[in-house]
Amino acid sequence: IWGDAATADLELVMQLIHLYFTAPRFTQTALDSVLDSDRPYIADPLSDPDFASYDAFVRARYGDDERYLLVPTAAQIDAITLASVERAFRGRFSNASDWVFVLSGDFDPDEVVDLARRYLGTLVGDGGKDDLGPGAPSMPAGITDVTVKSGTGDTASLSLYFSVAVDGSRYESVYADLLTQVVTNRLTTHIREELGASYSPYAATYLPRPPDLLVETYVFVSGAPAERERLADVLRADLRALPPTG
């Protein structure tokens, strides 16, 4: 659960969290809306270029691990019922004993403690804890290169993904944020402003949650199809020019 609000609305946020655990609502109309939004991608996964490229990346990175697939199969989606969704939801939210709530912001600590006691401390919990279970599948060996042809129009995109193991030190999230800013600034200055070859290149470096001790970097650049190879060369050169760290 993640969210933010004005300090004056903090109690309302607490109330909503409490209701999320204790009084969730399940309607067939809402479920049908979600399932209907997925069906076009199942029927024709190449119809949306953004979805098609990301789907190809997910399958190249995670293989057939069903935890990471973007949409279910047609048979799986037909088997989803309101009862099965409610059962899965209550299985995750009926026991709050192993949840950790973190609040930060401009508020009175004593007031927050009082609100937490009333709205979080009264959630049902039996004292048990869930195991994390297995982490993500191992990275594919070597370099994986996938080309996806999808959609219409004179547009192409290039995505690069890198992943390396880390040791879980306390400053890794700070380093990840710093790397995101440095690479994005380099791409913006060189590829967009100097070359004019792409409108909105960006990079993102983040740390997945345990038990996966990895740092992952995703780089995205869009441009004209005829420029794709040149963009790839420029992008790789920019990344190689980053100073190594010890």
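Conventions and cut-offs
Residues numbered from 1 in each chain as written. Predicted model: local features only at pLDDT ≥ 70, side-chain atom pairs only at ≥ 80, totals over all residues. Heavy atoms only, no water. Pairing = 2+ DSSP bridges. Helix = DSSP H or I, 4+ residues; strand = E, 2+ residues; numbered from the N terminus. Axes fitted to C-alpha atoms, helices over the stretch in contact; angles between N-to-C directions. Salt bridge = Lys/Arg side-chain N within 4 Å of Asp/Glu carboxyl O. Buried < 20%, exposed > 50% of the residue type's maximum accessible area, 1.4 Å probe, protein only. Core = buried A, V, L, I, M, F, W, Y, C linked by side-chain atoms within 4.5 Å. Contact = heavy atoms within 4.5 Å. Phe/Tyr/Trp six-rings, centres within 6.5 Å; stacked < 30°, edge-to-face > 60°. Parallel < 35°, antiparallel > 145°, perpendicular 65-115°, else oblique. Left-handed = near helix turned anticlockwise from the far one by under 90°. Nonpolar A, V, L, I, M, F, W, Y, C, P; charged D, E, K, R; others polar.

K.L.:
Can you break down the sheet that holds strand β1 (residues 156-165) residue by residue, with the values?
P.N.:
Neighbouring strands of a sheet are bound in pairs by backbone hydrogen bonds; such pairs are parallel or else antiparallel. The three strands lie next to each other as β1-β3-β2, forming an open sheet whose pairing is antiparallel. Single-partner strands in this sheet number two, and they are β1 and β2 (202-206). In this sheet, neighbouring strand axes are inclined to one another by 10° on average, regardless of whether the strands run parallel or antiparallel. Of the pairings in the sheet, the one linking β2 to strand β3 (residues 214-223) comprises five bridges and is antiparallel in character. Directly across from Tyr 206, in β3, lies its bridge partner Glu 216.

K.L.:
So what about the pattern of salt bridges? Which residues, and what values?
P.N.:
All told, the structure shown has eight salt bridges when counted by the stated rule. Note that Glu 193 is salt-bridged to Arg 192, the shortest N-O span being 3.7 Å. Judged by relative accessible area, Glu 193 falls into the exposed class, the value being 54%. A relative accessible area of 34% means that Arg 192 is categorised as partly exposed. Each of Glu 11, Asp 114 and Arg 118 takes part in salt bridges that share partners, so that together they form one network.

K.L.:
Describe in detail the nonpolar core, supporting the description with residues and values.
P.N.:
Counting residues in hydrophobic clusters, the biggest one holds 13 residues, and the most contacted among them are Leu 187, Ile 191, Val 219 and Leu 235. Counting only elements with at least two residues in this core, the list comes to β1, α7 (172-194), β3 and α8 (228-240). Leu 187 has contacts with Arg 192, Pro 201, Tyr 202, Ala 203, Val 219, Leu 235 and Asp 238, leaving out every residue within four places of it along the chain. Formed by twelve residues, the second largest nonpolar core is a distinct cluster that contains Leu 10, Met 14, Phe 21 and Phe 93.

K.L.:
Any details on the side chain of Thr 188? Residues and values, ideally.
P.N.:
Tracing the sequence through the fold places Thr 188 in helix α7. Discounting chain neighbours no more than four positions away, the residues touching Thr 188 are Glu 193 and Pro 201.

K.L.:
For the packing of aromatic side chains, give the residues involved together with the corresponding values.
P.N.:
Aromatic ring pairs are defined here through the distance separating the ring centres and the angle between the ring planes. Within this structure, the stated rule accounts for 15 aromatic pairs. Aromatic side chains Tyr 62 and Tyr 68 sit 4.0 Å apart centroid to centroid with 5° between the ring planes, which places their arrangement in the stacked category.

K.L.:
Which residues make up the packing of helix α1 (residues 10-22) against helix α6 (residues 109-120), and what values go with them?
P.N.:
How two helices pack is summed up by the angle between their axes together with the distance between the axes. Across the interface, α1 lies against α6 with an axial gap of 9 Å and an inter-helix angle of 20°. Our classification of the angle between α1 and α6 gives roughly parallel. In this structure, α1 meets α6 at a crossing whose hand is right-handed. Between α1 and α6, the residues in contact are Leu 10, Glu 11, Met 14, Gln 15, Ile 17 and His 18 and Val 112, Leu 115, Ala 116, Arg 118, Tyr 119 and Leu 120, respectively. Considering only residue class, the contact of α1 with α6 consists of eight nonpolar, two polar and two charged.

K.L.:
So what's going on with the environment of Lys 129? Which residues, and what values?
P.N.:
Mapped onto the fold, Lys 129 is located in the loop between α6 and β1. The class for Lys 129 is exposed, based on a relative accessible area of 69%. In the structure, Lys 129 is positioned 22 residues away from Phe 107 in sequence and 30 Å away in space, judged by C-alpha atoms.

K.L.:
Could you give an account of the environment of Pro 134, with specific residues and numbers?
P.N.:
Structurally, the position occupied by Pro 134 is in the loop between α6 and β1. Relative accessible area serves as the criterion here: at 66%, Pro 134 is assigned to the exposed category. Between the C-alpha atom of Pro 134 and that of Thr 144, which follows or precedes it by ten residues, the distance is 23 Å. Excluding residues within four positions of it along the chain, Pro 134 makes contact with Arg 67 and Pro 211.

K.L.:
Residues and numbers for the packing of α7 against α8, please.
P.N.:
Relative to each other, α7 and α8 sit at 135°, their axes nearing to 11 Å. On the basis of their axis angle, the class for α7 and α8 is oblique. Note that α7 runs across α8; the crossing there is right-handed. Of α8, the residues touching α7 (which contributes Val 183, Arg 186, Leu 187, His 190 and Ile 191) are Leu 231, Val 234, Leu 235, Asp 238 and Leu 239. Of the residues contributing to the contact of α7 with α8, the split by class is seven nonpolar, one polar and two charged.

By themselves, these observations are geometric and do not establish any function.
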